[in-house]
Amino acid sequence: MFGLGYGSAMAVPEIISIAYEPDYRTDKIGRYADGQFFASITYAFPEGFRHGEGWEDAKRLYVVLHRFDADGRYIDSDIWYAGTWREQQQRPYGADSVLAQAEARLAELLDALPKREYQDIAIRPFRLTVDGVLFGLIIEQGHGENEDEDDWAELYPDHLGFCEPWDGEYST
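The sections below set out a description of the structure shown in this document.

Reading the values: the criteria
Residue numbers here run from 1 along each chain, matching the order of that chain's written sequence. Residue-level local features of this predicted model are given only where pLDDT is at least 70; pairs of side-chain atoms are given and counted only at 80 or more, and the full residue set underlies all totals for whole chains, interfaces and linings. Note that water and hydrogens are dropped before the side-chain values are worked out from all heavy atoms of the structure. Put simply, buried Ala, Val, Leu, Ile, Met, Phe, Trp, Tyr and Cys residues joined by side-chain atoms within 4.5 Å make one nonpolar core. The buried label applies to any residue whose accessible area, calculated with a 1.4 Å probe on protein chains only, is under 20% of its type's maximum; exposed applies above 50%, and partly exposed to all values in between. The numbering of helices and of strands both runs from the N terminus, where a helix is a DSSP run of H or I of at least 4 residues and a strand a run of E of at least 2. The criterion used for residue contact is that any of the two residues' heavy atoms lie within 4.5 Å. Strand pairing is assigned whenever DSSP detects at least two bridges linking the two strands. In this charge count, Lys and Arg are treated as positive and Asp and Glu as negative; neither His nor the chain ends contribute. Salt bridges, as used here, are contacts in which a Lys or Arg side-chain nitrogen is within 4 Å of a carboxyl oxygen on Asp or Glu. We define a polar contact as two N or O atoms separated by no more than 3.5 Å, with the added condition that, inside protein, one atom must be a possible hydrogen donor and the other a possible acceptor, whereas residues neighbouring each other in sequence contribute only through side-chain atom pairs.

## Quick look at the nonpolar core
So, step 1. Ranked by internal contacts, the top residues of the largest apolar core, which has 23 residues, are Phe38, Leu137 and Phe162.
So, step 2. Taken together, the elements giving at least two residues each to this core come down to strand 1 (16-18), strand 3 (35-44), strand 4 (60-68), strand 7 (121-123), strand 8 (126-130), strand 9 (133-141), strand 10 (150-156) and strand 11 (160-162).
So, step 3. Excluding anything up to four places from it in sequence, Leu137 contacts Ile16, Ile123, Arg124, Pro125, Phe126, Ala153, Glu154, Leu155 and Phe162.
So, step 4. In this structure, Leu61, Val63, Val98 and Leu110 belong to the second largest nonpolar core, which totals 13 residues.

## Remarks on the pairing of strand 5 (residues 74-84)
So, step 1. Pairing geometry for strand 4 and strand 5, over nine bridges, is antiparallel. Within strand 5, the position partnered with Val64 by the bridge is Ile79.
So, step 2. Here strand 4 folds back onto strand 5, and the loop between the two strands holds five residues, one of which, Gly72, carries a positive phi near 85°.

## Considering the side chain of Glu154
So, step 1. Topologically, Glu154 is positioned in strand 10.
So, step 2. Buried and without a salt bridge, Glu154 has Arg25 as its closest oppositely charged side chain, separated by 7.7 Å.
So, step 3. Within the structure, the side chain of Glu154 is placed 2.7 Å from the side chain of Trp152, a separation counted as a polar contact.
So, step 4. A distance of 3.5 Å separates polar atoms of two side chains, one belonging to Glu154 and the other to His159.
So, step 5. Once you skip the residues sitting within four places of it in the chain, Glu154 turns out to touch Gly136, Leu137, Ile138, Glu140, His159, Leu160 and Gly161.

## Concerning the environment of Lys28
So, step 1. Of note, Lys28 is situated in the loop between strand 1 and strand 2 (29-32).
So, step 2. Residue classification places Lys28 among the partly exposed positions, given a relative accessible area of 26%.
So, step 3. Each C-alpha atom of the pair Lys28 and Phe38 lies 6.2 Å from the other, and the pair is 10 residues apart in sequence.
So, step 4. Excluding residues within four positions of it along the chain, Lys28 makes contact with Phe37, Phe38, Ala39, Leu106, Leu110 and Tyr118.
So, step 5. At 3.4 Å, the side chain of Lys28 and the side chain of Asp27 are in polar contact.

Encoded structure:
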(Lines give C-alpha, C1' and ligand atoms only; values in the text may rest on other atoms or scores of the structure.)
Protein backbone atom coordinates (compact mmCIF):
# COMPACT_ATOMS: atom_id res chain seq x y z
CA MET A 1 0.00 0.00 0.00
CA PHE A 2 2.69 2.49 -0.95
CA GLY A 3 1.40 6.06 -1.02
CA LEU A 4 -1.89 5.16 0.62
CA GLY A 5 -1.16 5.95 4.22
CA TYR A 6 -3.78 6.32 6.87
CA GLY A 7 -5.95 9.37 6.23
CA SER A 8 -4.88 9.91 2.63
CA ALA A 9 -7.64 11.08 0.30
CA MET A 10 -8.75 9.16 -2.74
CA ALA A 11 -8.65 11.07 -6.00
CA VAL A 12 -11.97 12.16 -7.45
CA PRO A 13 -13.04 9.42 -9.86
CA GLU A 14 -13.75 10.23 -13.52
CA ILE A 15 -17.27 8.89 -13.08
CA ILE A 16 -19.21 9.77 -9.93
CA SER A 17 -21.86 7.43 -8.55
CA ILE A 18 -25.13 8.92 -7.33
CA ALA A 19 -27.38 6.65 -5.28
CA TYR A 20 -31.10 6.51 -5.97
CA GLU A 21 -32.96 7.35 -2.78
CA PRO A 22 -36.76 7.02 -2.98
CA ASP A 23 -38.79 9.89 -1.51
CA TYR A 24 -35.74 12.09 -1.00
CA ARG A 25 -33.33 14.33 -2.91
CA THR A 26 -32.28 11.74 -5.52
CA ASP A 27 -35.63 10.09 -6.17
CA LYS A 28 -35.80 11.28 -9.80
CA ILE A 29 -32.65 9.67 -11.19
CA GLY A 30 -32.08 6.59 -13.25
CA ARG A 31 -31.76 5.12 -16.70
CA TYR A 32 -33.87 5.35 -19.83
CA ALA A 33 -33.62 4.07 -23.41
CA ASP A 34 -30.92 6.59 -24.42
CA GLY A 35 -28.80 6.62 -21.25
CA GLN A 36 -29.10 8.12 -17.76
CA PHE A 37 -30.93 11.08 -16.25
CA PHE A 38 -30.96 13.29 -13.18
CA ALA A 39 -34.08 15.37 -12.56
CA SER A 40 -35.07 17.70 -9.74
CA ILE A 41 -37.03 20.74 -8.70
CA THR A 42 -34.70 23.15 -6.95
CA TYR A 43 -34.47 26.73 -5.77
CA ALA A 44 -31.37 28.64 -6.78
CA PHE A 45 -29.78 32.07 -6.60
CA PRO A 46 -27.73 33.55 -9.45
CA GLU A 47 -23.96 33.26 -9.02
CA GLY A 48 -22.55 36.08 -6.92
CA PHE A 49 -25.89 36.94 -5.30
CA ARG A 50 -25.52 38.50 -1.85
CA HIS A 51 -28.38 37.98 0.57
CA GLY A 52 -30.24 41.07 1.62
CA GLU A 53 -33.27 43.06 0.56
CA GLY A 54 -35.06 41.51 -2.41
CA TRP A 55 -33.85 37.94 -1.89
CA GLU A 56 -37.41 36.67 -2.35
CA ASP A 57 -37.31 37.73 -6.01
CA ALA A 58 -33.76 36.46 -6.60
CA LYS A 59 -34.53 32.97 -5.25
CA ARG A 60 -35.89 31.15 -8.31
CA LEU A 61 -37.47 27.74 -8.67
CA TYR A 62 -36.19 25.58 -11.54
CA VAL A 63 -37.22 22.28 -13.02
CA VAL A 64 -34.09 20.47 -14.14
CA LEU A 65 -33.57 17.41 -16.31
CA HIS A 66 -29.97 16.50 -17.17
CA ARG A 67 -29.40 13.68 -19.65
CA PHE A 68 -26.26 11.55 -19.99
CA ASP A 69 -25.23 8.71 -22.25
CA ALA A 70 -24.83 5.18 -20.91
CA ASP A 71 -21.19 5.94 -19.98
CA GLY A 72 -22.16 9.02 -17.94
CA ARG A 73 -21.12 11.66 -20.49
CA TYR A 74 -23.26 14.79 -20.39
CA ILE A 75 -25.64 15.12 -23.37
CA ASP A 76 -27.95 18.04 -22.57
CA SER A 77 -30.28 19.67 -20.06
CA ASP A 78 -33.84 20.89 -20.01
CA ILE A 79 -33.97 23.71 -17.45
CA TRP A 80 -37.27 25.48 -16.92
CA TYR A 81 -37.83 28.54 -14.73
CA ALA A 82 -41.07 28.19 -12.76
CA GLY A 83 -41.10 31.40 -10.69
CA THR A 84 -39.71 33.08 -7.60
CA TRP A 85 -39.95 32.38 -3.89
CA ARG A 86 -42.08 35.52 -3.55
CA GLU A 87 -44.55 34.29 -6.20
CA GLN A 88 -44.81 30.91 -4.46
CA GLN A 89 -45.52 32.62 -1.12
CA GLN A 90 -48.19 34.82 -2.70
CA ARG A 91 -49.98 31.79 -4.23
CA PRO A 92 -48.86 28.79 -2.16
CA TYR A 93 -51.73 26.46 -3.09
CA GLY A 94 -53.61 25.36 -6.17
CA ALA A 95 -52.70 24.38 -9.70
CA ASP A 96 -51.41 27.89 -10.51
CA SER A 97 -48.84 27.96 -7.69
CA VAL A 98 -45.21 28.06 -8.77
CA LEU A 99 -44.51 24.69 -7.12
CA ALA A 100 -47.56 22.99 -8.69
CA GLN A 101 -46.53 24.25 -12.12
CA ALA A 102 -42.98 22.97 -11.52
CA GLU A 103 -44.24 19.55 -10.46
CA ALA A 104 -46.43 19.33 -13.57
CA ARG A 105 -43.51 20.28 -15.83
CA LEU A 106 -41.22 17.71 -14.18
CA ALA A 107 -43.85 14.99 -14.65
CA GLU A 108 -44.06 15.88 -18.38
CA LEU A 109 -40.29 15.70 -18.79
CA LEU A 110 -40.01 12.38 -16.99
CA ASP A 111 -42.96 10.89 -18.88
CA ALA A 112 -41.15 11.72 -22.14
CA LEU A 113 -38.17 9.48 -21.22
CA PRO A 114 -38.75 6.11 -22.91
CA LYS A 115 -38.21 2.99 -20.79
CA ARG A 116 -37.50 5.10 -17.68
CA GLU A 117 -36.34 3.20 -14.57
CA TYR A 118 -35.39 4.86 -11.29
CA GLN A 119 -32.04 3.58 -10.03
CA ASP A 120 -28.47 4.56 -9.17
CA ILE A 121 -26.54 6.45 -11.84
CA ALA A 122 -22.88 7.15 -12.54
CA ILE A 123 -22.03 10.38 -14.38
CA ARG A 124 -19.08 12.52 -15.33
CA PRO A 125 -18.61 16.11 -14.15
CA PHE A 126 -20.25 18.80 -16.27
CA ARG A 127 -21.06 22.51 -16.00
CA LEU A 128 -23.45 25.03 -17.54
CA THR A 129 -24.91 28.38 -16.58
CA VAL A 130 -28.54 29.34 -17.22
CA ASP A 131 -30.02 32.70 -16.12
CA GLY A 132 -26.78 33.36 -14.22
CA VAL A 133 -27.32 30.16 -12.18
CA LEU A 134 -24.64 27.45 -12.09
CA PHE A 135 -25.86 23.94 -12.91
CA GLY A 136 -23.67 20.85 -12.98
CA LEU A 137 -21.55 18.35 -11.15
CA ILE A 138 -18.45 20.37 -10.29
CA ILE A 139 -15.15 19.05 -8.93
CA GLU A 140 -13.99 21.08 -5.94
CA GLN A 141 -11.01 21.06 -3.63
CA GLY A 142 -10.17 21.75 -0.04
CA HIS A 143 -12.91 19.76 1.70
CA GLY A 144 -10.47 17.22 3.14
CA GLU A 145 -7.03 17.32 4.71
CA ASN A 146 -5.27 18.99 1.76
CA GLU A 147 -6.79 22.34 0.75
CA ASP A 148 -5.15 22.19 -2.71
CA GLU A 149 -6.40 18.72 -3.64
CA ASP A 150 -9.51 17.89 -5.65
CA ASP A 151 -11.52 15.82 -3.19
CA TRP A 152 -15.19 16.63 -3.64
CA ALA A 153 -17.91 16.81 -6.30
CA GLU A 154 -20.84 19.18 -5.75
CA LEU A 155 -24.10 19.03 -7.68
CA TYR A 156 -25.32 22.57 -8.30
CA PRO A 157 -27.69 24.18 -7.57
CA ASP A 158 -29.06 21.24 -5.55
CA HIS A 159 -26.06 21.40 -3.18
CA LEU A 160 -25.50 17.68 -2.96
CA GLY A 161 -21.88 16.85 -2.14
CA PHE A 162 -20.10 13.61 -3.04
CA CYS A 163 -16.80 12.41 -1.62
CA GLU A 164 -14.89 9.28 -0.67
CA PRO A 165 -15.64 6.48 -0.44
CA TRP A 166 -17.44 7.55 -3.67
CA ASP A 167 -20.31 5.13 -3.08
CA GLY A 168 -23.11 7.40 -4.30
CA GLU A 169 -24.13 8.68 -0.89
CA TYR A 170 -24.20 12.48 -0.56
CA SER A 171 -24.00 15.27 1.99
CA THR A 172 -26.23 18.33 2.04
